[in-house]
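Summary of structural features
Listed here are the chains, written in short residue letters.
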Amino acid sequence: MNAGAVIEIFTDGACRGNPGPGGWAALVRCGERETLIKGAVPSTTNNRMELEAAIEGLAALGSARRQVRLTTDSQYVRLGVTQWMERWKTNGWRTSGRDPVKNRELWERLDALASMHEVEWLWVKGHSGVEGNERVDRAANDAIDAMLGGSCGR
């Protein structure tokens, strides 16, 4: 990938039930070059899959520092990174109510990967026709279907 170009990443997570079978997908785009990655797990939550999608998208970049525009339809991910995480770390990974932060191990992985790059975190309304978001939504659900052995109730 071109080290000077802005890398676009679209991410999405999906879950059939919450908890239930889940999938994640990330579309990494540098100019005309695209890579779509996805995965699924048998039992998880939607929030964990949203985080996993962002983690895997950033992990796909390798260790060279990049300028990244990451688009998610998850306010949980975007607000967690841009507004909540610094306070959680200051408070020993506790919320303002002093409860342990849910999915801490994923937040820590995301924080470590994001700190390697210059990331602009964007939010888009899901199912609103944004091409990259629609593609990762389909891919996350396709990953669940593949894990379950075919289409399951969609």
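In this text, all values refer to a predicted model and were calculated from it rather than measured experimentally. Residue positions are given per chain, counting from 1 as you read along its sequence in written order. Only residues with pLDDT of at least 70 get local features here, since the model is predicted, and only at 80 or more are side-chain atom pairs given and counted; chain-wide, interface and lining totals rely on the full set of residues. Each side-chain value is worked out from all heavy atoms of the structure, with water and hydrogens disregarded.

Re the side chain of D12
Mapped onto the elements of the fold, D12 is located in strand β1 (residues 6-15). For every residue, the accessible area obtained with a 1.4 Å probe (protein chains only) is divided by the maximum for its type, and the residue is called buried under 20%, exposed over 50%, and partly exposed between those limits. Judged by relative accessible area, which is 2%, D12 ranks as buried. Ignoring sequence-local partners within four residues, the contact set of D12 consists of G23, W24, A25, M49, E50, A53, D73, V136, D137 and A140. Going along the chain from the N terminus, every DSSP run of H or I of four or more residues is numbered as a helix, and every run of E of two or more is numbered as a strand. We call two residues contacting when some pair of their heavy atoms lies within 4.5 Å.

Some remarks on the environment of I55
Looking at the element boundaries, I55 is found in helix α1 (residues 46-59). Through-space distance from the C-alpha of I55 to that of A114 is 8.4 Å; in sequence the pair is 59 residues apart. What I55 contacts, discounting residues up to four positions off in sequence, is L106, R109, L110 and L113.

Some words on the sheet that holds strand β5 (residues 118-123)
At least two DSSP bridges between two strands are required for those strands to pair. Taken in spatial order, the 5 strands line up as β3-β2-β1-β4-β5 in an open sheet, and their pairing is mixed. If you trace the sheet from one side to the other, it starts and ends with β3 (33-44) and β5, each paired once. Within the sheet, the average angular offset between the axes of one strand and its neighbour, ignoring direction, is 20°. Direction of pairing for strand β2 (residues 20-30) relative to β3: antiparallel, over a ladder of 10 bridges. Across the sheet, the residue bridging to G22 is V41, located in β3. Helix axes are fitted only over the stretch in contact, all axes being lines through C-alpha atoms; the angle between N-to-C directions runs from 0 to 180 degrees. Set on the sheet, α1 makes contact with β1, β2, β3, β4 (67-72) and β5; between it and β1 the angle comes to about 155°.

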